[in-house]
Amino acid sequence: MKKRQLSIALAAFLTASAVAPAAGMPVSAASSGNTVFINEVESDDPNGGNDWIEIVNTGDQAVDISGWFVTDDKGLERLTSNETKQFPDGTVLEAGAVMVLEDSIDFSFGLGKSDTVSLYNANSSLQDTYSYDGHALGTYSRVPDGTGEFVDQSSTKGAVNVTAQEPGEGENGESGQNMTALVINEINSSPDDWVELMNTGNETIDLSGCEIRDNSDDHRWRFPEGSTIEPGALLVVDAKTMGRIYNDQTDTFEENTFEAAIGIGSADSIRLYDSQGTLLDEYSWTEHASYEGDAAQASYGRYPDGTGAFALTKETKGQANEWYAPSVVINEVESNGDSTDWVEIKNTGDTAVDISGWYLYDNDPVGHASDITPVAEGTILNPGEYYVFEGNRDFLFGLGNEDKVSIYNSEGAAVAEYSWTTHAAGVYARIPDGTGELTDFQTSTKGEANLIVNPVVLNEVQSNDPDGGADWVELANPTQEALDVSGIVIKDNDDSHEYVIPEGTTIPADGYLVIDDLNFGLGSDDSVRLYEDGNLIANTTWTGHTSPTWGLYPDVNGQEYRNTQEATPGAANKFADIPEVIAWPGAEEVTVFDTESTFLEDSSGLDFFGGQLYAVDNGTGKFWILDVAKDGTLSFANGFEEGKRIRFQKDASDPSAAGPDAEGITVDGAGLVYIASERDNSQKGINYNSILVVDPDTEGSDLTAVNEWDLTSSLPQVSANMGIEAVEWVSDTAVTGKLFDQNTGDAFDPADYPDAVADGVFFVALEDNGHIYAYVLNEDGTSVQIADIDSKLGGAMSLDYDTYENVLWVMTDDGYGNRGAKITLNGTETPEIVHVLPPSGVDTSANNEGFAIADASYTVNGQRPVYRFRDGVTSGALTVGSLNCDYSETSGDDGQQTGGNQQTGDNQQTGGNQNSGDKNAGGMDAQNQNFADQNKTAGSESDSGTKAPKTGDSSNILLWAGAAVISLGGIISGFIMKKRHFM
């Protein structure tokens, strides 16, 4: 499916008589029996125009088709995802009239090579459907209009379809046959001459009078009367085939062989004409086809047969074509573990391959037809070289958990493909490089040869022990199994110095091995190198002596070496600016909530507010609100069974617009919902970091932002898909005097920002660098950045401010092992940061993009619910874990929070957000009243009573999970979901 050009406005392609306001009382299809049908389908306009669908009213009365719509093979999913438009109220199709619906105007999906077109009424009841296998050479048209069978014939867009005629009356003097189905399929010019034709249609074609010509109009060979070609058949005209040839001296045709009229040259053309002299097909070339210098091994042929572009093919006279595919293979695939998805190809042949115009698709080539950028002109892949198709550069979609990649050349022929059923733990890579099978391989070697090497890590080096001890080298095992390092050779910068690790030496899972019996010393300005089977697998070099040691930064998983803070042989490296790492401060168990498909596939941000859990999907910009009972039961809030979609202000009048890439969600004290978006999904290749706000209580399923803030210019320039991933509102009460304001050089004071909305500060997390940026958002749509905090995680995917513990949580995804950070604001430029390991129950390979902590009043047996939201899956997206919490109802503490998202301590909501105070976000009418000023803070200095001791008891998780699963059936029954694929 090629990229589609933008089309003209609706009024320009609706026939004047087709749609009109009701002059009388038009009937409905339901009341009279349907008379509106699909009449013509264009799925591959030869001129590059839009796909389109024509419908016709075959009845004798006008029909009100208000609310009707069309879909492809995805059916009603296209309606729920706003990829098709329902006809406006008052749309009437007059008796006998036709109406044309166009891609990019009436629907945003493209029609594929093999697809289904369906017509639905306003009640989503199917009225007509047509499926086809292969693009039509013309269009698929009903003949006669509205009632006949679909046939492949010339387009009659917006007009009555041509009716098959009696013999002698049809086009070109034929009996209504479709001559466009006749194509040149293969040409051979050396060592022998022949032309192969193919009938790609469904009916026998009469070839009588059809002609073959070369590049001269005097060289003409004509089929004799009675010649035919059956549907799908191949027909070869070779040098000795008898027919009628043109005599330019007498201007007549006479019986003779093909070779008497045409000798096919090395730089020539073959043209095919119908009996009326209309050109049907042609192909030209500049040299004889040959393979490795042998013309007998090659011809020029269409690949695939009949429909593909001409390419160098094997000589397959009268048989299906086989093309000489270049020796290029898919060599490595990254679908889940890097900052972007990518696919590596390799030229395994001995000749250079021009890959200009090549492109990549996943398992949805129709849906992603506009999401590719072909390889630049002049790109040559030399023998043994690699080319990497990069996400956000060569393609804008993500590669899924179960997916396929296909590589196509500039003519649309498939060069290579690979499919998988689940993400690789590492990458899918060919072992041996270029020739082996693609297998799950732990180490990514993007743009380089795939080699199986020992994953051992050279982690720390001591060359000058201040206590006079031996020099030593520390190795680390980054895997979860014992690692055999027998036979690995250690050298310094002198090749004659060699230490061989003894047989039987292993390093425990995630452990360390210190080697302090080297048979040589390590010096100043020296190196340590590791070799396996003669191949260098790791090395590091330092200047001067190590001080105190020379270590990998960060420990084990780092990319650089530097001086450590202290020597740590046999333990994790310590550096001056790396936070302490602690175990998960809660139960290890994590339970899946949605064991059945409940959410869409692009799950992203979470937030907890007022006894409710807010969840957002980045592919559609849709968010949901779930009521959370004290026993853990989750159920969709009234009006949110199917969620509500957030739209940019610019898209207010275009419900089919792709909308924001909504990565994060937060709720302010008045219950207004804010999302963080890193790009406009209609321009996925451009980074656009913005915050949008809506009132969730607004009627309808599509909510246009009441205010927007563009943060892009105030943040580091990053690739389109590496922008802000999370947003968290924190009340002024929680950050006043605690957040360091880079503009004033002092602790934050809200009085410095009188135009701010929401009585709070908005924190956003940048995926690219793991920094957290604090903003004041002003009523006029401007913003002021007041802080830049480095979480030291390297990346960041979610945020949650816990005002019970007074810490800002920052969480990562699988790219950083689902680690987290707890940031305590202390009024200085250097807040306290502690890194937190995930609980053992968390799948560290899961792409968890959402994180939210329940209100402290939900604590049961010393454990407080924690929610994670996983991207890329349709079930198992929402999981429930827990944190240690000392809140107790007997303490006199109501558990309500005043910082990030204010909690009511109970679950009394019946609709969106039942919050006290009016709403104001720089676009609202009323004054925003902060819950923080109205509710008692759990754990505040004014609290009285004794709190329960902290505990690791996790029995409550089973209670929460059981209640959640009990409510799941009710959720699914009222919640129609659509599978969406995105990265």
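Counting restarts for each chain, with residues numbered from 1 along the sequence as it is written. Confidence filtering applies because this is a predicted model: local features only for residues at pLDDT of at least 70, side-chain atom pairs given and counted only at 80 or more, and all residues used for totals across whole chains, interfaces and linings. The side-chain quantities take in all heavy atoms of the structure and omit both hydrogens and water.

Under an unreviewed UniProt entry, the protein chain has the name LTD domain-containing protein and belongs to Sellimonas catena.

A. The overall build of the protein chain, seen in detail. Working definition: helices are DSSP H or I runs of at least four residues, strands are E runs of at least two. Numbering for both runs from the N terminus. Of regular secondary structure, the protein chain possesses six helices and 69 strands. To sort residues, take the accessible area from a 1.4 Å probe on protein chains only and compare it with the maximum for the residue type: under 20% means buried, over 50% means exposed, and anything in between is partly exposed. Counting over 983 residues, the protein chain shows a buried share of 56%. If you take every contact in the protein chain between residues at least 6 apart in sequence, the share linking residues at least 24 apart comes to 61%. With an accessible surface of roughly 38600 Å², the protein chain has 45% of that area assigned to carbon and sulfur atoms. Contacts are residue-level and defined by heavy atoms, with any inter-residue pair within 4.5 Å sufficient. Exposure was quantified through the Shrake-Rupley algorithm and a 1.4 Å probe, taking into account, for residues, occlusion by the shown protein chains and nothing else.

B. Highlighting unusual backbone geometry. For the bond from S190 to P191, the omega torsion is 0°, close enough to zero to count as cis. In this structure, P191 sits in the loop between strand 11 (182-188) and strand 12 (194-199). Backbone torsion omega between Y303 and P304 reads 0°, so that peptide bond is classified as cis. As for its placement among the helices and strands, P304 is situated in the loop between strand 22 (299-303) and strand 23 (309-313). Located in the positive-phi region is N806, a residue other than glycine, with phi close to 60°.

C. Inspection of the environment of A376 at higher detail. Counting through the fold element by element, A376 comes out in the loop between strand 27 (359-361) and strand 28 (380-381). Sequence separation between A376 and G357 is 19 residues; the distance between their C-alpha atoms is 6.3 Å.

D. Expanded view of the nonpolar core. Among the buried residues, those of types Ala, Val, Leu, Ile, Met, Phe, Trp, Tyr and Cys that are joined through side-chain atoms within 4.5 Å form a nonpolar core. Judged by nonpolar contacts, the single largest core of 33 residues is most densely connected at I330, V333, V343, I345, W358, F389 and V405. Contributing elements (two or more residues each) for this core: strand 24 (328-334), strand 25 (342-347), strand 27, strand 29 (386-390), strand 30 (403-408) and strand 31 (414-420). Broken down by element, the residue count for this core peaks at four residues, all from strand 31. Excluding residues that lie within four positions of it along the chain, I345 makes contacts with V328, V329, I330, N331, W358, L381, E385, Y386, Y387, F389 and I407.

E. Representation of the pairing of strand 2 (residues 52-57). Summarising burial for strand 2: six of the six residues are buried, a large majority. Side-chain alternation along strand 2 places W52, E54 and V56 on one buried face and I53, I55 and N57 on a second face that is also buried. Whether two strands pair comes down to DSSP finding at least two bridges between them. Relative to strand 2, strand 1 (residues 36-42) is paired through six bridges, and the arrangement is antiparallel. Along strand 2, the bridge assignment pairs V41 with I53. As judged from the five bridges shared by strand 2 and strand 6 (residues 98-102), these two strands associate in the antiparallel manner. Across the sheet, residue I55 finds its bridge partner in strand 6, namely M99.

F. Main features of the environment of R562. In this structure, R562 sits in strand 44 (residues 560-563). Not counting the four nearest positions on each side in its chain, R562 is found in contact with T549, W550, G551, Y553, F575 and D577. We call two N or O atoms a polar contact when they sit within 3.5 Å, provided that within protein one can donate a hydrogen and the other can accept it, with sequence-adjacent residues counted only if both atoms are side-chain atoms. A polar side-chain atom of R562 sits 3.3 Å from a polar atom in the side chain of E560.

G. A look at the side chain of N454. For N454, the location among the structural elements is in the loop between strand 33 (437-441) and strand 34 (457-462). Overall, the relative accessible area of 12% leaves N454 in the buried class. Engagement of the side chain of N454 in a polar contact is seen with the backbone oxygen of D484, the distance being 2.9 Å. Beyond its immediate stretch of four places on either side in the chain, N454 contacts L483, D484, V485, I488, E532 and I537.

H. The packing of aromatic side chains, seen in detail. Paired rings are identified among Phe, Tyr and Trp, the last through its six-membered ring, by centres lying within 6.5 Å, and are further divided according to the angle between planes into stacked (under 30 degrees), edge-to-face (over 60) and tilted (the rest). Evaluation of the coordinates by the stated rule reveals 38 aromatic pairs. Arranged with centres 5.8 Å apart and planes meeting at 55°, the rings of Y283 and Y300 form a pair that is tilted. Within this pair, whereas Y283 is found in strand 21 (residues 279-285), its partner Y300 is found in strand 22, the two being separated by 17 residues in sequence. Each member of the pair, Y283 together with Y300, is buried. Every member of this aromatic cluster is reached through a ring pair, and the members are Y130, Y132, Y140 and F150. A cation over an aromatic ring shows up here: R562 above the ring of Y553, its NZ or CZ 3.4 Å from the ring centre. Only when the NZ atom of a Lys or the CZ atom of an Arg is both within 6 Å of the ring centre and within 35 degrees of the ring normal do we say a charge sits over the ring.

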